[in-house]
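# Architecture at a glance
Next come the chains, spelled out residue by residue.
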Amino acid sequence: MYRIITLVTGILILLVNLTAKQAFAQNNQIKVGISGRVIDYNKNGIQLVNVKLINAVDSSTVKFMTSDENGHFNFTDIIPGNYFIKTSLLAFEDELSKLISVDKDHSEKIMVIIKLKEKVNMLATVNVEAKKQFIQHNLDKTTINVEGSAVSNGSTALEILARSPSITIDRDDNVAMEGKSNVLIMIDDKQTYMSQSDVVNLLRGMPSESIRSIELINRPSSRYDAAGTAGIINIKTKKDKRQGLNGTVGLGGGYGWTSKYNANTMVNYRKDNLNLFASYDFMDNGRNGNGSMERSVNYMDRTTYFERQSKVFRRLGNQTYKFGADYTINSKNIIGILISGFHNRTKSPDNINNTNIVSSLPNEINEFGWTNVNSNTKDRFRSNTVNLNYQYNIDSSGRKLSFDFDYSKYNGKTNDSRKVDTSFANKAGLYYVKNNARSSIDIKSFKSDYTHMFGKTSSMNIGLKSSFVETDNNLEYLKSFNNDNNYIQNPEYTNRFVYKENINAAYASFASEISALSLQLGLRVEHTNADAELIEKSRKKYNYVDFFPSAALSYKINQVNNLAINYSRRIDRPNYDNLNPSLQELDNTTYKRGNEFLQPQYSNSLGLTHTFKDKYITTFSYSLTNDAITQITEQDDQSGRTYLIDRNISQLKSFSLNIFAPFKLTGFWSISNNLNIFNNKYEYSYKDVMYRNSQTSFNYNLSNDITIKKGVTFESIFMYQSPLTYGTYRIKSSSSLDFGIRALLNEKYNVRLSISDVFKGRKLDGRTNYGGINLHFNEYVESRIVRLSVSYRFGSNKIQNVRRRNTGSEDEVKRVKK
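Every residue gets a number counted from 1 within its own chain, in the order that chain's sequence is written. Reporting in this predicted model follows two pLDDT cut-offs: at least 70 for local features of residues, and 80 or more for side-chain atom pairs to be given and counted; totals over whole chains, interfaces and linings ignore these cut-offs and use all residues. Derived side-chain values reflect all non-hydrogen atoms in the structure, with water molecules and hydrogen atoms excluded from consideration.

### What about the pairing of strand E31 (residues 538-556)?
Strand direction decides the pairing type here: strand E30 (residues 517-534) and E31, joined by 18 bridges, are antiparallel. Across the sheet, residue Gln520 finds its bridge partner in E31, namely Ala552. Any two strands are treated as partners once DSSP identifies two or more bridges connecting them. A run of H or I in DSSP becomes a helix once it reaches four residues, and a run of E becomes a strand once it reaches two; helices and strands are each numbered from the N terminus. Counting the residues that bridge the hairpin from E30 to E31 gives three residues, and of these Glu536 lies at a positive phi of roughly 65 degrees. Count of turn residues in the E31/strand E32 (residues 561-572) antiparallel hairpin: four residues.

### Describing the sheet that holds strand E4 (residues 72-78)
The sheet built from three strands is open, its strands ordered E4-E1-E8 with mixed pairing. One side of each edge strand has no neighbouring strand; the edge strands of this open sheet are E4 and strand E8 (110-115). Averaged over all pairs of adjacent strands, the angle between their axes in this sheet comes to 20 degrees, without regard to strand direction. Examined bridge by bridge, strand E1 (residues 32-39) and E4 share five bridges and lie antiparallel to one another. Looking at the pairing, Val32 lines up with Ile78 of E4. Each axis is a line fitted through C-alpha atoms, and for a helix only the stretch in contact is used; angles between axes span 0 to 180 degrees, taken between their N-to-C directions.

### Overview of the pairing of strand E16 (residues 232-237)
Burial runs high along E16: six of the six residues are buried. Working definition: with a 1.4 Å probe on protein chains only, accessible area under 20% of the residue-type maximum means buried, over 50% means exposed, and in between means partly exposed. In E16, alternate side chains face the same way, and those of Ile232, Asn234 and Lys236 on one face and Ile233, Ile235 and Thr237 on the other are all buried. Pairing geometry for strand E13 (residues 184-187) and E16, over four bridges, is parallel. The partner of Leu184 across the bridge, within E16, is Ile232. Two strands pair when backbone bridges link them, and strand E15 (residues 211-217) and E16 are joined in this way by six bridges, in the antiparallel orientation.

### Here we look at the pattern of salt bridges
Basic side-chain nitrogens of Lys or Arg form a salt bridge, by our definition, when they fall within 4 Å of a carboxyl oxygen of Asp or Glu. By the definition in use, this model includes 16 salt bridges. The residue Lys681 makes a salt bridge to Glu683 at a minimum N-O spacing of 3.9 Å. The exposure class assigned to Lys681 is partly exposed, which follows from its relative accessible area of 30%. Each of the salt bridges in this network shares a partner with another, and the network as a whole consists of Asp284, Arg315 and Arg345.

### Brief notes about the nonpolar core
What is meant by a nonpolar core is a set of buried Ala, Val, Leu, Ile, Met, Phe, Trp, Tyr and Cys residues, joined one to another through side-chain atoms within 4.5 Å. Counting 46 residues, the largest nonpolar core has Leu161, Leu203, Ile214, Ile233 and Ile235 as its most contacted members. In what follows, a contact means two residues having at least one pair of non-hydrogen atoms within 4.5 Å. If we ignore the near neighbours within four places in the chain, the residues touching Leu161 are Ile167, Val175, Leu203, Ile214, Leu216 and Ile233.

### Looking at a nonpolar patch on the surface
In this scheme, patches are assembled from residues that exceed 30% relative accessible area and form no salt bridge. Like charges are connected within 9 Å, while nonpolar side chains (Val, Leu, Ile, Met, Phe, Trp, Tyr) are connected within 5 Å. Here the Shrake-Rupley method, with its probe set to 1.4 Å, supplies the accessible areas, and only the displayed protein chains count as covering residues. Together, Ile337, Val386, Leu388, Phe405, Tyr407 and Phe446 make up a nonpolar patch on the protein surface, roughly 480 Å² of accessible area in all. Within the residue set of the nonpolar patch, elements represented by two or more residues are strand E24 (367-393) and strand E25 (400-423). Note that Phe446 resides in strand E26 (residues 429-454).

### A few points about the environment of Phe282
Of note, Phe282 is situated in strand E19 (residues 274-286). In this structure, the C-alpha to C-alpha distance between Phe282 and Tyr321, residues 39 residues apart in sequence, is 9.0 Å. Look past the residues within four positions of Phe282 in its chain and what remains in contact with it is Tyr261, Asn262, Ala263, Asn318 and Gln319.

### Overview of the packing of aromatic side chains
Note on ring pairs: Phe, Tyr and Trp rings are taken, using the six-membered ring of Trp, and paired if centres are within 6.5 Å. Classes follow the plane angle, with under 30 degrees stacked, over 60 edge-to-face and the rest tilted. As enumerated under the stated definition, the model contains 19 aromatic pairs in all. Aromatic pair Phe342 and Phe381: ring centres 6.2 Å apart, planes at 25 degrees, arrangement stacked. Linking Phe342 in strand E23 (residues 333-360) with Phe381 in strand E24, this pair joins segments that are 39 residues apart in sequence. This pair shows no difference in class: Phe342 is buried, exactly as Phe381 is. Through pairs of rings, three or more aromatic residues link up here, namely Tyr477, Tyr493, Tyr591 and Tyr643. Any Lys NZ or Arg CZ found within 6 Å of a ring centre and within 35 degrees of that ring's normal is scored as a charge over the ring. The residue whose ring lies beneath Arg295 is Phe306, and the NZ or CZ to ring-centre distance is 4.3 Å. Above the plane of the ring of Tyr431 lies Lys479, whose end atom (NZ or CZ) is 4.2 Å from the centre.

Right under this line is the structure:
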């Protein structure tokens, strides 16, 4: 860590010196910035406005951008001369600013306010809708624009992530970024506080119709919670921006191996100082799959082979709701309330696991046997969250203070019934199993953030946050040999696990622009106090304080080249359920158990980014993770059993090179290319032997966007993932090709038709071979699906900027188990 911090400090000092040297040398060619805000008649900021900086001499366009969510725009590195600013947006009159003169004596940014006038005769008919590329890259993140995408039609959040750049999904549907697990999942900038398996269920049940965009953030700043050593995935949900009473209703369906249905509605009322909003999403999806696993066990002179075939029949139902209100008391004070939740249910009837067993000794006749498992599983999970928030705008310079309080309650229930038929050696017999699991999670969190401006080019953010999490998991294992109600509780697998955790955090970050140089420094401090207890069996307490620095520096070399470097230190605490040391039977040869001795893993990440013409982006990054948490397979050679367990392996080193290149082939055809090359090197010890698992891999993503005619767009996405290393596993290549078409009819109806994974290339094939373990698996989950959806927008089409709020408890929910 100290070497990395020293390297970052050295590079920062070098760049500062270079910037200072250039500033003194510029003399008559000093460069300044022109920034401003686009507002309406109520002085509310307007987003997505086209803003052009025009040369007054020849009327040529010097720079171009769109205004952000608050109507702000910012042009940097403007050389002396005379300019105009021109704005345009459908439903508003074009505006041309007064003449702006930039001379060598300017030392501060020039501020411009542009007030747009509405086109009165168009207010009732115009639907303002800006089409964005499916994939967009910025210096600090990659954005997947789900809203309006044809290929995302009817998909779930998990399916969208599966075809996103640098993202891979493992055999349990866990998400990895650049081949690294421990990704922090956030919703509207809030941590979810759920365990990894609970987050998977959430992503499986979140329909694309409720998602605006997904942000992939590799090296977050200190303002974010420090969790997530692989990075952050931030899912932004939709919210209507129109004034008056308006909304959207939609229906959709699809078919692959099974049927899929979805419905959604969103209603919004916005007038004067009051905004009321509500949304409801329903989804019922079949999700079948099959797989195989081959495993060999060597014990003394005997070799035993296991060959398992499995079929999974799964039906997922999900209901998501959200409603709330924002009220602007006056120009300085805003209060709000948000109530949200979801109800998930999963039915998996008649799942089949058949295992053939062959055991051989030299010069002896082979022994044959089998194990057949038929299971029926029902899962139910409910979540309800209340958020209260207040924002105080201190003055017009941008100083503000905000408070958030959140309370979340989760309840889960699983009933798993199995029939197990075994015939091998002396283990022949028929028996029945019931696994009944109940879980409850209480989450309370409070956070406060303060923003202070220093002049027009510098700012500081400071904040505090406290979270309190209590989980209670109760597992009952029952066994019967007669298929009657005479079930006997097995104390080896029956347990109750209670986990309590309190994290207190404080952060400060400073950002400033000095001529061609932009600098951001941050530090976050987190104190963790936790208590994990397996009732009447074991107990372990945790208490530690950690510091998480971050730094970012961007240098504008000239009008077309920009260089940036950033650094962050992050942590991943063990998931709640992975600390539970009890044993869980998956089938009679495969088990899962927790590890109460798991320690947090820490990573230091460094990235260097070059941007050409504000759109071609190349990033080289390096990260070092110590005590990396990885799920590995352990084996009892004598019994032939395998155990899945998370352990702190010694170290993970990662190198990556990401290249993003968008092109406009014609006026109606645009494409974007994203190539991510990475190398993950794992070093770990098993049975006192050191192993190294390393491989260079790449992920390529190509998207096409073709406008066939006004209102009709064709999209395609191709994704290829080369073979890669994932912990102790080596995974074979996979690919997918998706098509979609979108038609906007009468400015009200949106019709989308899509087909995903046309050639069924999204399969998972991997193996591991170490410490006497030789295992190969192959899995495929239904992915070639045809979907059709229709939505209707009603109400006013007048746009007003939205106050997008974030709750304070989303970091904790990621670690909850469903």
